[in-house]
Amino acid sequence: MTGQRQVVPVPATVPSPIITNGPRAQRKVALTFDADLTAAMRDRLVARTVSSYADMRIVDELVATSTPATFFFTGLWMETYPEQTRRIGDHRMFELATHSQTHRGFREKCFRLGLVPPDEMHAEVVQPITTLQGLTGRATNYFRFPGGCWTDDALRIVLNAGMTVVHWDVESGDAFCESADVIVDKVVANVRPGSIVLFHLGGPNAPRTADALPRILAALAERDLTPVTLTDLLHP
Ligand SMILES: [Zn+2]
């Protein structure tokens, strides 16, 4: 016996179950729009300090240009905007996905989103799916963590609920951004084949997204990058 220890090979990196992009070999991209609504945001609507968190100019532009896109709805947004949810769901070129019930964080210190207690996480994930089905008749198993924040335990709960977690590789930077130029530049500088681009569905939390969108669509066309739904991107 030499006493030499057997060298245990380092395991190959486990691929993350969180999807951030599609195949890079095809000139397709997925434009995704998060419909955030927290309890605090809903209070502002009730108090009329904010008039709307649904900038439907974005949807109008996508419809007018026949641009496929994917919407990540929070449960509170759908409950606040049932007509708008149905209107989006009526278009088959739009894919529907969920983004939690109340847009609280799935880990601590996730911006200022607060924290979902672990025993409420499952309900946070499944409740908006039921709402989406009730309003649009459409199902989904795509989920995005609020703020992109998660822990291994939270991820396990979401995956056990049968969800596919989809984040992004290109942040448009539209949240609280007052300049369409900044949003356009950021997307154009970073987008590439297979990208999933993160936007928000407006109101004061994304005041310039609608202004930036036509220019972004033009820039994508110029670069021969075709917007498709998430499913088309991930499962060509
Ligand atoms: Zn969000």
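These numbers come from a predicted model, not from an experiment.

(A) Layout of the coordination of the zinc ion. Distances from the zinc ion to its protein donors, Asp-36 (OD), Asp-36 (OD), His-99 (NE2) and His-103 (NE2), fall within 2.1 to 2.7 Å. One can describe the site at the zinc ion as irregular: its four donor atoms subtend angles covering 51 to 141° at the metal. Read from N- to C-terminus, the donor residues coordinating the zinc ion fall into the pattern D-x62-H-x3-H. The two residues His-99 and His-103 agree in class, both being buried.

(B) A look at the pairing of strand 2 (residues 69-73). Strand 2 sits mainly inside the fold: five of its five residues count as buried. Alternating positions in strand 2 separate into two faces, Ala-69, Phe-71 and Phe-73 on one and Thr-70 and Phe-72 on the other, with burial throughout. As defined by bridge partners, strand 1 (residues 28-35) adjoins strand 2 across four bridges and the pair is classed as parallel. Residue pairing for strand 2: Thr-32 is matched across the bridge by Thr-70.

(C) Region of the structure containing the state of the cysteines. Inspection of every chain in the model, using the stated rule, returns one disulfide. At a sulfur-sulfur separation of 2.1 Å, the disulfide partner of Cys-110 is Cys-149. Of note, the bridge from Cys-110 to Cys-149 carries an S-S torsion of about 80° and is right-handed in sense. Here Cys-110 is found in the loop between strand 3 (94-98) and helix 5 (118-136), whereas its partner Cys-149 is found in the loop between strand 4 (142-143) and helix 6 (152-160), with 39 residues between them in sequence. No difference in accessibility class separates Cys-110 from Cys-149, as the two residues are buried. Of all cysteine sulfurs in the structure, the one in Cys-110 sits closest to Cys-177, which takes part in no disulfide; the separation is 20 Å.

About the criteria used
Residues numbered from 1 in each chain as written. Predicted model: local features only at pLDDT ≥ 70, side-chain atom pairs only at ≥ 80, totals over all residues. Heavy atoms only, no water. Donors = N, O, S within 2.8 Å, 3.2 Å for Na, K, Ca; no water. Tetrahedral: all angles 85-135°; square planar, octahedral: opposite > 155°, others 65-115°. Buried < 20%, exposed > 50% of the residue type's maximum accessible area, 1.4 Å probe, protein only. Helix = DSSP H or I, 4+ residues; strand = E, 2+ residues; numbered from the N terminus. Pairing = 2+ DSSP bridges. Disulfide = S-S within 2.5 Å.

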